[in-house]
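# Commentary on secondary and tertiary structure
Next come the chains, spelled out residue by residue.
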Amino acid sequence: MACNCCNKALNSGMIIKADQITGQRFKSCPHCSDANGSEHVFHHYPNSFGKTPARKSSQNPDGFQSYCIDCRHLPKGTASKSSHNGRLCSTL
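About the cut-offs
- Each chain has its residues counted from 1, following the order in which its sequence is written.
- Residue-level local features of this predicted model are given only where pLDDT is at least 70; pairs of side-chain atoms are given and counted only at 80 or more, and the full residue set underlies all totals for whole chains, interfaces and linings.
- To get the side-chain values, take all heavy atoms of the structure and skip hydrogens and water.
- Working definition: helices are DSSP H or I runs of at least four residues, strands are E runs of at least two. Numbering for both runs from the N terminus.
- Each residue is placed in one exposure class: buried if its accessible area under a 1.4 Å probe, protein chains only, is under 20% of its type's maximum, exposed if it is over 50%, and partly exposed if it falls in between.
- The Shrake-Rupley method, run with a 1.4 Å probe sphere, supplies the accessible areas, and residue values consider only the shown protein chains as cover.
- For the purpose of charge, His is not counted, nor are the chain termini; Lys and Arg are scored as positive and Asp and Glu as negative.
- Lysine's charge is taken at NZ, arginine's at CZ, aspartate's at CG and glutamate's at CD.
- Paired strands, as defined in this entry, are two strands with at least two bridges between them according to DSSP.
- Only one rule defines a salt bridge in this text: a Lys or Arg side-chain nitrogen within 4 Å of an Asp or Glu carboxyl oxygen.

A few words on the overall build of the chain. In terms of regular secondary structure, the chain is built from two helices and four strands. Tracing the chain from N to C terminus, the helices and strands come up as β-β-α-β-α-β. On the principal axes, the C-alpha backbone points of the chain span a range of 30 × 30 × 20 Å. Counting across all 92 residues of the chain, residues that qualify as buried make up 35%. Of the accessible surface of the chain, which amounts to about 5,500 Å², a share of 48% is contributed by carbon and sulfur atoms. Averaging the coordinates of the 11 positive side-chain charges in the chain and doing the same for the 5 negative ones gives two points 7 Å apart.

What follows is the structure in structure tokens.
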């Protein structure tokens, strides 16, 4: 499914945007975005995402996780409970 705002896949978690007023950076969480169903849901980046050497790649040299910290702690198959805490794509 595609985001109604940017038309990119909701399951794409490496989209990074900045707030135009504060300059604060945000990254989308694919699990939160899926729970929203229509737009990407962004959380503070990098604070809301952990790192792991297993995630390092040329596109992700620092190894940041795809899912936000809250979503990574959910049991498999459980819908995001953090999607309402993030910023929608249309607000960035």
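As a further point, take the pairing of strand 2 (residues 25-28). Examined bridge by bridge, strand 1 (residues 16-18) and strand 2 share three bridges and lie antiparallel to one another. By the bridge assignment, lysine 17 is partnered in strand 2 with phenylalanine 26. From the end of strand 1 to the start of strand 2, which pair antiparallel, there are six residues, and glycine 23 there has a positive phi angle of about 80 degrees. Sheet analysis places strand 2 next to strand 3 (residues 41-44), joined by three bridges and oriented antiparallel. The partner of phenylalanine 26 across the bridge, within strand 3, is histidine 44.

Applying the stated criterion to the full structure yields one salt bridge. Where arginine 87 meets aspartate 19, a salt bridge forms, and the shortest distance between an N and an O atom there is 2.7 Å. Of the two residues, arginine 87 sits in strand 4 (residues 87-88) while aspartate 19 sits in the loop between strand 1 and strand 2, which places them 68 residues apart along the sequence. On the basis of relative accessible area, arginine 87 is assigned to the partly exposed category, the value being 25%.

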